[in-house]
Structure formats: structure tokens, C-alpha cells
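# Residue-level structural notes
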Amino acid sequence: MVPYLQIDGLTKSFGDLVLFNQISLGVAEGQRIGLIAKNGSGKTTLLNIIAGKEGYDEGSIVFRRDLCVGYLEQDPHYPEELTVLEACFHHGNTTVQLIKEYERCMETEGNPGMEDLLARMEHEKAWDYERKAKQILSQLKIRDFNQQVKHLSGGQLKRVALANVLITEPDFLILDEPTNHLDLDMTEWLEDYLRRGNISLLMVTHDRYFLDRVCSEIIEIDNKQVYSYKGNYSYYLEKRQERIEATNAEIARANNLYRTELEWMRRMPQARGHKARYREEAFYELEKVAKQRFNDGNVKLEMKASYIGSKIFEADHLYKSFGDLKILDDFSYIFARYEKMGIVGNNGTGKSTFIKILMGEQKPDSGTIDIGETVRFGYYSQDGLRFDEQMKVIDVVQDIAEVIELGNGKRLTASQFLQHFLFTPETQHSYVYKLSGGERRRLYLCTVLMRNPNFLVLDEPTNDLDIITLQVLEEYLQNFKGCVIVVSHDRYFMDKVVDHLLVFKGQGDIRDFPGNYSDYRDWREVKEQREKEAEKPKEEKTARVRLNDKRRMTFKERKEYERLEKEIGGPGHKPGVVEGTLMELVDLVGEYIGQGYRVEVGEFGYFSGKIKSRLVKDKKDLRSPSIQFNGVNFLASKTFKKKATGKLERAQKLFFQASSQLDDEELKRRLLEHVNRYGFITRTTYTELTGRLKNKALEDLKRFAKEGIICKVGRGNQMLFVKNQEDSQTEQNI
């Protein structure tokens, strides 16, 4: 691989604070590297140093000659008078300079040097530059190209800067938090864009799915050193734990040997020779290892939620709009106790506005919100808390409370509480303006949780927080004994925390989805695939079905096929999509059970109209013991599995209790109805019709055969009960 960047012996410090010491790393052509570290460890500082935006104490940074580098800053800035499109031409690369030369030439009389410029324009592909810029801006949901930069939000400005970097198609990309302010569709588009081609990449991001799918190597800054892992994020997690265990074991061995050598040093042997001097020097090296403290501290979230009653909040017929843009359109919802809801949707669909209405910061146009008396909100805003830059960190917390109640009689002082959030005593007494972006977000989280809320409302909580803090926050929210609403574009975070989603589709269209984000994404892909199939000509679909039909059905399968055709409305019919909650779906199964059919858990999706019919020839679909919802497997969700199986078991129990009270006349009626329709019946089918247990079902069928109502044919698994003797002979011939 061709080397693009080589860093050797790099050291950077701010006063007494050393960020990294004598670190070395390299980036080669085609490498996609993710940079991971705790907040305040110097991730952004390192990227700024590489990009030439910041100085360093010592070391060397060498780029390959003529390498084109693109850098996306964490907080980009542009002259306010520029338009969006002009900002995309602001970086001053060779193509932009060429376009400006061409424009000056066109304005000059006689157009001197035009032929040479045209040849260079063709070679640089400058003619497509503006079209490419508009295309990438559109993918990032920036469509007003003439809007001035000063009127853009922070998120829009970050997306313009991202487009600015991508348009130039640099050899080497340096990205600082590229997924911040991107909605889910834009994040997935960027993910695919970076995975295509031979892009070399060094980036900082908290999005773990993004890291896993884009990066082929992870570099970690830890204890002022760098560690390299030749794999994606999942590989990094495994190997990092191995490294920590090996380091702890090395320190433990060094401590044991250090005690022995310390005794020797204290005896102060006289007239030391060469060996004694060598042993003394080795002792001091050993002392460095033994006294090092491996900093594996994590944020500690031990706050207990205060008591929350059964009434949380009820939204009744809410309406909210800004001109023609509808945010809420007759929205009603009753929030349940201990519910954990995620909110997803594209930017501009009203997610943050909905949160602000709930928190009372904005009022709906009409409708009411009734909040329970015991609800105590903890609101983590996307905009963050406006800290006084000249305040000390400890003063920010002490202004709220000197002592923090953790619950169960535990109390912490403000200083002790800050140490739980990895603010050392030195950092606590430094000023807010010295904190990194991630440290400020961590301080904000600290001020929210110290009030012991029982209803957490988190609007983009993952922005600028390091991955280790996110992992601790996820675990805390999973065990949180209260209610949670999360608005986030971090897919991994949503998968870990929420039970269901509110999907904001725009113009007041809000859908409730019973699952996490990965479930929703899978369901959406299946839905889109079905819509594409539905648009294809019927002739093509029929031909495909015939091609897949590779084997002939047995007599039993053909009869079952005919029965199902009649029940579900003919060949090729698929059950309709049933909109509703999990409990409504279970009620549908209950209705089917009430008609005299036994329903297994694996058939739940079919009877609720949520998956393809059992006429599908794919054996995997027929055998799969999963509950599905529009193609999404919900057995992965423990909550769903527990609720669904529990409901079905209770329904089946009631069914069997009812079936045990069926008299002979009712059993015969159900039996003859099936036999007259199909000419035969099996023990399994009889069990489904009556709910009788297998041994009881066989006893019933043999008894009815003795009475001459039906006739037994075959034995074991081939046993059938047919209408009469003549039909029996027919069955044997078949």
C-alpha cells in the first residue's frame, strides 16, 4: 500500500495537561481508520494538528507529495455573506481556482488563453463540478442553494461543510463527527458513499454501526498513547478487553517483583559492582511499571429515579403547524408507566418541536396535554445548557445543589458526584471554557441526572459524547425505573434503549412501530421490496412462481392447499396488513382460536396477517418458529416474545378447557364437516379442529371408526380417516 501520512514521536500538551506523548501512527492508501478515545483525550486536537490547524510540541508529520486532503471540522465556519453554493466553492482547491480563471477569461475582452483553459477544464472534469455539488447537497437535504450561510442552523452548516469536503473527492478524508446532525437516511447514504471505492479515511465518530460498517481499522488513544486494532469496531471491543487484562496482569507481576527488589535496595549493599549497578538501573525501570495506574475509569450513573405514579401524560387531539408545514395533526397518545419510547424521522418533521410541546416550551395550536402529578421531568436538550464560560466546573453543579441524593439513603457532595462523571479534582476547579465539546455534554448530563428525575426526555443525547460514556448511559437507561423518551439518530443507541418507536414521516403523519430501529429498518426494506414486486406485471410474477415450483405436492399437501385457498381467498392471496398494537394482534389470534382452531406461536404472524401466507413454497418460511410482523422477526425481542407467548399460552389454555367440554355431537359435527369437504382427515387436523390432545384425538377417531362414521386407512404417520369404504380404496390407490 502507498503511504499517505506518517506521524512519528508526536507530543502535545496544554500546560500541565499532556494529551499524548511520543505517539506514532500511519495511514496508507485504501485504509479506513476510526479514532476512538474518551472525551478530553485529544481526538479533535489530533485531527486539527494533522490538518495543520493547530501546532504541536514535538514530533514529525509527513504527507505524501501532491496528496489532496479534505478535512471536516467539528464546528465549521464560513463567511456569513456566502450562499450555500458559494460555500461549496470556498475551499479553494485546484478545480475551483480553474473555474474562477475560466470566469475571468470569459469577462476579459478577446478571451486570452481560452483554448488552454478549455483543455484544463476538460481534464479536471470541472464542467460537472456544480452539478455534483448540487447532487450531494440534495442528498444531505440542503435544497435552497441561494440561502445565505448566516441563516443556516448549526446542523445545516455542518452538512454544507460535509458536502464541501465530499465534492472535491480528495485522496485522504479527515472527518470529525461526520454523522452529527444527519438524520437516519443521510447517515445510511454517507455510510454507503464511504464504503464505495478506494477512499482513505481517518475519522472520529460516536456512531458504532457507522464505525463497524465503514472502518477496517481502529486506533485508540488511551493513557496518552495510541493502540492500533486491525479490524472493525466489533473486533476492537474484543481485543481491547484482552489488552486491558494483559496490562493488569503485567502490573500485578511487576508489583510482586518490585517488593522483592525494594528489600534489596533498602539493604544498601556496599561496594556495588557492575552487576549491582545493572540491578539498580533495572529496579528503577521496574518501579515505573509497578507504579503506573491503568486508567480504566468509567462514568458512574447510580442515581435512582423518584417514585412515578400510574398516570404519566395523556396527549389529546394535538394540532401544531408552522404555515403549511404540519407537525402534529390530531395526535393523541397515552404514555404508559416505565415505557421507553424512541422518536425517529427525517430532519424537519417536528421531532424536537414535539418534545418542546411536551416540556411546555411551546404550545400546541389546539388540544391538551395532561401530565401526572408525580412526574418529574429530566430534559436533556439538543441545544445544550448555556454555561457561563467564566464559571468553574464545580460552581456549575453547586449552583444546583451542594449535596445530591442518590436514593436508598445515599448522598454525595457536588465534588464526589462530579468524580462519578470523570471530572478529576483538577478539572473541577478549572473554567468551563477549557472543557472540550464532549466534556461539556457530560457536564450537562450530570446537571440533568442530579435532580433525580423519573421521566427522562433526551433530545440527541449521543452528540459529542464518547463511546464509553454512551455504553454506561445505555446500561443506566435499560435499568432505569421510570419513563424515557429518546430522540436520536444513533441507531445502536436506539436499539439498546427503546421498546418501540414513534416514526415521524412529515406533515403530521406519525406512526407507532412495536420494535427498535433495526426492526423498523428491516420491516421498511421488506415493505419497499413488496411494493416493487406489486408494481411488476402479473405475467412476470406468475412465471416466476412456476419456475420455483420444482416438486409436485403430495395428496395431503394438495388437499391442505385447496383448503387454505378457500380460507384465505384464493391462490396468490396474501393476508392484508393489519395496523395495530401487539395486544390487538393477539386479539386477532384469539378470534381465530374462538372459531375452533388451535394456534401455535409460530403461526401467530400468519393469522395476524403480518407475513406471507403458508402457500409460500420456501421450506424455511414454513418451518421457522418465529413471530413476524411484516417480515420482521420479533423473537429477537425478549419483551415481544414474553408478551406474545404468554398471551397465546393463556389463549390456548382457555381453548383446551373449552374443548374438553365438547360433547360427542359437536365433535362429530366438526369431523364430518371436514371429511365431507376434503374426503379425509388426519389426527393433526382433528386436533386443530377440536383442541383435543393427541392421544385423546386418536381415541376419538378410532371410536368413530368403530361406529362406522369414518374408516381408518394405513398406519403410523400414514394413517388417514376417510369417509367410507369406497373412498378408502381410492385413498389406497392414490
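Since the model is a prediction, treat every value here as computed from it, not as a measurement.

The helix and strand inventory of the chain stands at 28 helices and 25 strands. Considering the chain as a whole, with its 734 residues, one finds that 46% of them fall into the buried category. Once local pairs closer than 6 in sequence are excluded, the contacts in the chain between residues at least 24 apart make up 65%. A total of about 38,800 Å² of accessible surface is found on the chain, and carbon and sulfur atoms cover 47% of it.

Moving on, we come to the confidence of the model for the chain. Per-chain confidence: the chain averages 77 in pLDDT, with 75% of residues scoring 70 or above. Across residues 539-551, where pLDDT falls below 50, the model places 5 contacts with residues more than four positions away in sequence or in other chains. For residues 567-583, every residue scores under 50 in pLDDT, and the model assigns this stretch 34 contacts once sequence neighbours within four places are set aside.

The subject of this paragraph is the environment of Ile-50. Structurally, Ile-50 can be placed in helix α1 (residues 43-50). On the basis of relative accessible area, Ile-50 is assigned to the buried category, the value being 4%. Note: C-alpha distance between Ile-50 and Ile-7 (43 residues apart in sequence) is 8.7 Å.

Before going further, it helps to spend a moment on the packing of helix α3 (residues 94-107) against helix α4 (residues 114-124). Two numbers describe how α3 lies on α4: the axes approach to 10 Å, and their chain directions differ by 150°. With respect to α4, the axis of α3 lies roughly antiparallel. Here α3 and α4 pass one another in a crossing that is left-handed. In this structure, α3 uses Thr-94, Thr-95, Leu-98, Ile-99, Glu-101, Tyr-102, Cys-105 and Met-106 to contact α4, whose residues at the interface are Met-114, Leu-117, Leu-118, Arg-120, Met-121 and Glu-124. Split by residue class, the contact of α3 with α4 holds 9 nonpolar, 2 polar and 3 charged.

Cut-offs applied
Residues numbered from 1 in each chain as written. Predicted model: local features only at pLDDT ≥ 70, side-chain atom pairs only at ≥ 80, totals over all residues. Heavy atoms only, no water. Helix = DSSP H or I, 4+ residues; strand = E, 2+ residues; numbered from the N terminus. Buried < 20%, exposed > 50% of the residue type's maximum accessible area, 1.4 Å probe, protein only. Contact = heavy atoms within 4.5 Å. Areas by Shrake-Rupley, 256 points an atom, 1.4 Å probe, with all protein chains shown as cover. pLDDT = per-residue confidence, 0-100. Axes fitted to C-alpha atoms, helices over the stretch in contact; angles between N-to-C directions. Parallel < 35°, antiparallel > 145°, perpendicular 65-115°, else oblique. Left-handed = near helix turned anticlockwise from the far one by under 90°. Nonpolar A, V, L, I, M, F, W, Y, C, P; charged D, E, K, R; others polar.

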